Amino acid sequence: MTTRRNSTAARSAPCVLLTGFEAFDGAAVNPSQAIVERLDGRRIGGRRIVGATLPVAFARTGPLLRDLLERHRPELVIALGQAGGRAELSFERVAVNLLDARIADNDGAQPVDRPVIADAPAAYFSTLPVKAIVADLQMRGIPAALSLSAGSYVCNQVFFVLAHLLATRQPAARGGFVHVPWLPVQTAGRPGQPSMALETMVEGVAAAIACAASTTEDLHIAGGSTH
Ligand code: PCA
């Protein structure tokens, strides 16, 4: 009886959906998946974290994301992906309605110059308080930055589909996308390339969730991303 009451309470607690991606482009790991596995099931600021790993596959991510949103009805969604070569946790500001894949996805698909969703707007903004989050992380000593482009590959697709679904079906929920650097092990054969320890990324994403959950108005401070 108690167990049932507890589990019902657990299910009804406000939920944060946290997604990552499987490995792609011949890599053995994807840090975004490792972060999600570490935070799945945790509670942050009274919210239950529900983690999910998405395939790096243009045809499959949209329906999966839609199902996850319908099943969990999250109040907050943070989608993560790897951006090798970046040095900071990058809080993406703009999802663009464009696919232009530099390499094939894990299913062998390589769309070029196609919309993510035909007849949808050209772009959406993140509805996360990105400036407040970046300021909070920097104060904690965690490298964080704003970014104007999530690229035109599967990460941008997920960001755009997420933004479109939230705008059209779940407008009370907020969400956005964060690109994360390579793990140190991924730069072993890439001298001079930046990386970030998994612990630091987990701490940064957890702090970002807490900040987003408690901040409804973003800071109005100069940001001025150059990329
Ligand atoms: N990064 C890729 C797709 C999956 C991932 O982790 C991207 O930036 O589009």
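These numbers were taken from a predicted model, which means no experiment stands behind them. (Residues numbered from 1 in each chain as written. Predicted model: local features only at pLDDT ≥ 70, side-chain atom pairs only at ≥ 80, totals over all residues. Heavy atoms only, no water.)

(A) Local environment of the overall build of the protein chain. Per the secondary structure count, the protein chain includes six helices and nine strands. Projected onto its principal axes, the C-alpha positions of the protein chain cover 55 × 40 × 40 Å. For the protein chain, with 227 residues in total, the buried portion stands at 50%. Taking all contacts inside the protein chain whose residues are at least 6 apart in sequence as the whole, residues at least 24 apart take part in 79%. Approximately 10600 Å² of the protein chain is accessible, and the part contributed by carbon and sulfur atoms is 53%. If you average the places of the 21 positive and of the 19 negative side-chain charges in the protein chain, the two averages end up 9 Å apart. (Helix = DSSP H or I, 4+ residues; strand = E, 2+ residues; numbered from the N terminus. Buried < 20%, exposed > 50% of the residue type's maximum accessible area, 1.4 Å probe, protein only. Contact = heavy atoms within 4.5 Å. Areas by Shrake-Rupley, 256 points an atom, 1.4 Å probe, with all protein chains shown as cover. Lys, Arg positive; Asp, Glu negative; His and termini not counted. Charge placed at Lys NZ, Arg CZ, Asp CG, Glu CD.)

(B) Summary view of the site of the ligand. The full set of residues close to the ligand is F21, F24, N30, V56, G81, Q82, Y153, V154, C155 and H179. The backbone of C155 places a nitrogen or oxygen atom 2.9 Å from an oxygen atom of the ligand. With respect to the ligand, the side chain of H179 contributes an N or O atom lying 2.9 Å from an oxygen atom. Considering the ligand on its own, with 270 Å² of exposed area, one finds that the protein chains cover 94% of that surface. Those elements that provide at least two residues to the shell around the ligand are β4 (76-82) and α5 (154-168). (Near = heavy atom within 4 Å. Polar contact = N/O pair within 3.5 Å; in protein donor to acceptor, adjacent residues only side chain to side chain.)

(C) Region of the structure containing the sheet that holds strand β3 (residues 47-54). Spatial ordering of the open sheet is given by β2-β3-β1-β4-β9-β5-β8, a layout of seven strands whose pairing is mixed. Of all strands in the sheet, those bounded by a partner on one side alone are β2 (43-44) and β8 (144-147). Of the pairings in the sheet, the one linking strand β5 (residues 89-92) to strand β9 (residues 174-180) comprises two bridges and is antiparallel in character. By the bridge assignment for β9, S90 is matched with H179. Here helix α3 (residues 58-72) sits on the sheet in contact with β1 (15-21), β3 and β4, set at roughly 160° to β1. Sitting on the sheet, α5 is in contact with β1, β3, β4, β5 and β9, with an inclination near 170° to β9. (Pairing = 2+ DSSP bridges. Axes fitted to C-alpha atoms, helices over the stretch in contact; angles between N-to-C directions.)

(D) Highlighting the side chain of R174. Take R174: it is sitting in strand β9. Buried charge R174 goes without a salt bridge, the closest partner of opposite sign being E75 at 5.7 Å. Within the structure, the side chain of R174 is placed 2.7 Å from the backbone oxygen of A212, a separation counted as a polar contact. With near-sequence residues (within four places) excluded, R174 lies in contact with E75, L76, V77, T127, P129, L166, A212, A213, T215 and T216. (Salt bridge = Lys/Arg side-chain N within 4 Å of Asp/Glu carboxyl O.)

(E) Up close: helix α4 (residues 130-139). Taken across its 10 residues, α4 has seven buried, putting it largely inside the fold. Every buried residue belonging to α4 is among V130, K131, A132, I133, V134, D136 and L137, and all of these are buried. Here the buried face of α4 lies against β5, β8 and α6 (198-214). Positive backbone phi, at 80°, marks G141, one or two positions downstream of α4.

(F) Layout of the pattern of salt bridges. Counting across every chain of the model gives six salt bridges. Of the charged contacts in the structure, one is a salt bridge between E70 and R169, with a shortest N-O distance of 2.7 Å. Highlighted residues: E70 in helix α3 and R169 in the loop between α5 and β9, separated in sequence by 99 residues. Residue R169 is classed as partly exposed on the basis of its relative accessible area, which comes to 45%. The residue R140 makes a salt bridge to D136 at a minimum N-O spacing of 2.9 Å. Judged by its relative accessible area of 46%, R140 is partly exposed.

(G) Highlighting unusual backbone geometry. Phi at R73 is positive, roughly 45°, even though this residue is not glycine. By relative accessible area, R73 is classed as exposed at 52%.

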